[in-house]
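What follows is each chain in one-letter form.
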Amino acid sequence: MSNYAKMSVSNEARVELHDQIGLTGAEVSINILPAGASVPFIHSHKQNEEIYVVLSGKGKAVIDEETVEIKSGDWIRISPKGKRQFFAAEDSDISYACIQVKAGSLEGYTMTDAIV
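Residues numbered from 1 in each chain as written. Predicted model: local features only at pLDDT ≥ 70, side-chain atom pairs only at ≥ 80, totals over all residues. Heavy atoms only, no water.

The secondary structure content of the protein chain amounts to 1 helix and 7 strands. Listed N to C, the secondary structure of the protein chain is β-α-β-β-β-β-β-β in terms of helices and strands. The principal-axis extent of the C-alpha atoms belonging to the protein chain is close to 45 × 30 × 25 Å. Counting contacts in the protein chain only where the partners sit at least 6 residues apart, residues at least 24 apart contribute 64% of the total. Looking at charge distribution, the protein chain has the averaged site of its 11 positive side-chain charges lying 4 Å from that of its 16 negative ones. (Helix = DSSP H or I, 4+ residues; strand = E, 2+ residues; numbered from the N terminus. Contact = heavy atoms within 4.5 Å. Lys, Arg positive; Asp, Glu negative; His and termini not counted. Charge placed at Lys NZ, Arg CZ, Asp CG, Glu CD.)

Structural data, given as structure tokens:
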């Protein structure tokens, strides 16, 4: 049995990696919104924080009714209760990854979790 899983992501509007590569501690999705489009709902979470990275393009996130302009290279962390919705700019597609993890669950990271 292999200690890794690999897949390629196509140009679908949304791809969730949890089942695709057997994630056990997080959910990761890759999302593409065409110019002028938006996620069609506002949402929050019960336990999970979300970390977003803008892979390409630009747009905005509305978080708790506050508008945050976003562009390629930006990272945003949103706590579970934050109400969020994402929008592509009128003149630009936006592609972003969303990493969803249980808030407060990280016990070790980088060298505190490494075995060298």
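Back to the write-up after that little detour.
The subject of this paragraph is the nonpolar core. If you look at the biggest cluster of nonpolar residues, it comprises 14 residues, and the most contacted ones within it are Leu 33, Tyr 52, Ile 70, Phe 86, Ile 94 and Tyr 96. Broken down by element, the residue count for this core peaks at 4 residues, all from strand 3 (residues 48-63). Not counting residues up to four positions away in its chain, the partners in contact with Phe 86 are Leu 33, Ser 38, Val 39, Tyr 52, Lys 60, Ala 61, Ile 70, Ile 78 and Tyr 96. (Core = buried A, V, L, I, M, F, W, Y, C linked by side-chain atoms within 4.5 Å. Buried < 20%, exposed > 50% of the residue type's maximum accessible area, 1.4 Å probe, protein only.)

Turning our attention to the layout of surface pockets. As a volume, the largest pocket reaches approximately 340 Å³. What lines the largest pocket is a set of 22 residues, and nearest its centre among them are Arg 14, Asn 31, Val 39, Phe 41 and Tyr 96. Of all elements in the fold, only strand 1 (14-16), strand 2 (27-33), strand 3, strand 6 (84-88) and strand 7 (94-102) reach the threshold of two or more residues within the lining of the largest pocket. With 6 residues, the top contributor of residues to the lining of the largest pocket is strand 2. Looking at the lining of the largest pocket residue by residue, the classes come out as 11 nonpolar, 6 polar and 5 charged. (1 Å grid on protein atoms, 1.4 Å probe; cavity = no way out; pocket = protein on both sides within 12 Å on 5 of 7 lines; lining within 4 Å. Points joined across faces, edges and corners; volume = space filled by probe spheres on them. Nonpolar A, V, L, I, M, F, W, Y, C, P; charged D, E, K, R; others polar.)

Once that is clear, we can look at the pattern of salt bridges. Across all of its chains, the model carries 5 salt bridges by this definition. With a closest N to O distance of 3.4 Å, Lys 58 and Asp 91 form a salt bridge. Separated by 33 residues along the polypeptide, Lys 58 in strand 3 and Asp 91 in the loop between strand 6 and strand 7 bring together distant segments of the chain. Accessibility expressed as a relative area gives 36% for Lys 58, which makes it partly exposed. (Salt bridge = Lys/Arg side-chain N within 4 Å of Asp/Glu carboxyl O.)

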